[in-house]
Amino acid sequence: MTTATSVTTAVSVRFFASLREAVDREIVELALDEPSIAGVRAKLAGLLTKTQFEAIDVRGVQICVNQTIVRGDVGLEAGDEVAFLPPVTGG
């Protein structure tokens, strides 16, 4: 009998400035079945309250992987750092 094994990828997720306040934490360690930005979002949707998740899921929030801004869904590797940065405002 063959048993399917699930491999997870561990990443760190950091929240900066107003997002840190909105989610009431600075860092979260996640084990992902789907090692991607979409996987991070899915895991956070289950971990955070609706209001907290909505704070990080708004237009203008930038996502960095290992201190590089990324666009769209990118793959992740074990040990990667994913950061959510609040929208930049200015005048």
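Scroll up a little and you will see the structure.
Quick look at the packing of aromatic side chains now. Both the distance between ring centres and the angle between the ring planes are used here to describe each pair of aromatic rings. All chains considered together, the criterion is met by 1 aromatic pair. With centroids separated by 5.6 Å and ring planes inclined at 25 degrees, the aromatic side chains of Phe15 and Phe84 adopt a geometry described as stacked. Taken together, the positions of Phe15 in strand 1 (residues 9-15) and Phe84 in strand 5 (residues 81-85) put the pair 69 residues apart, joining distant regions of the chain. Residue Phe15 shares its accessibility class with Phe84, and that shared class is buried.

Take the nonpolar core next. Formed by 21 residues in total, the largest nonpolar core has its most connected members in Val13, Phe15, Val40, Leu44, Ile56, Val82 and Phe84. Among the secondary structure elements, those contributing two or more residues to this core are strand 1, helix 1 (18-23), strand 2 (27-32), helix 2 (37-47), helix 3 (50-56), strand 3 (62-65) and strand 5. Not counting residues within four places of it along the chain, the set of residues in contact with Phe15 comprises Arg20, Val23, Arg25, Glu26, Val28, Leu44, Ile56 and Phe84.

The next subject is the sheet that holds strand 1. Within a sheet, each strand pairs with its neighbour through backbone hydrogen bonds, oriented either parallel or antiparallel. Strand order across the open sheet formed by 5 strands is 2-1-5-3-4, with mixed pairing between neighbours. Of all strands in the sheet, those bounded by a partner on one side alone are strand 2 and strand 4 (68-70). Ignoring strand direction, the axes of neighbouring strands in this sheet form an average angle of 30 degrees. The pairing of strand 3 with strand 5 spans 4 bridges and is classified as antiparallel.

A few words now on the pairing of strand 3. Each regular strand carries side chains that alternate between the two faces of the sheet. Note: strand 3 against strand 4, 3 bridges, orientation antiparallel. When the bridges of strand 4 are listed, Val65 appears paired with Thr68. Once strand 3 ends, the chain turns through 2 residues before running back antiparallel as strand 4, passing Asn66 with a positive phi of about 50 degrees.

Let us look at the side chain of Ser36. As for its position among the elements, Ser36 is in the loop between strand 2 and helix 2. Those residues within four positions of Ser36 in sequence are excluded, and the remaining contacts are Asp73, Val74, Gly75 and Leu76.

How each quantity is defined
Residues numbered from 1 in each chain as written. Predicted model: local features only at pLDDT ≥ 70, side-chain atom pairs only at ≥ 80, totals over all residues. Heavy atoms only, no water. Phe/Tyr/Trp six-rings, centres within 6.5 Å; stacked < 30°, edge-to-face > 60°. Helix = DSSP H or I, 4+ residues; strand = E, 2+ residues; numbered from the N terminus. Buried < 20%, exposed > 50% of the residue type's maximum accessible area, 1.4 Å probe, protein only. Core = buried A, V, L, I, M, F, W, Y, C linked by side-chain atoms within 4.5 Å. Contact = heavy atoms within 4.5 Å. Pairing = 2+ DSSP bridges. Axes fitted to C-alpha atoms, helices over the stretch in contact; angles between N-to-C directions.

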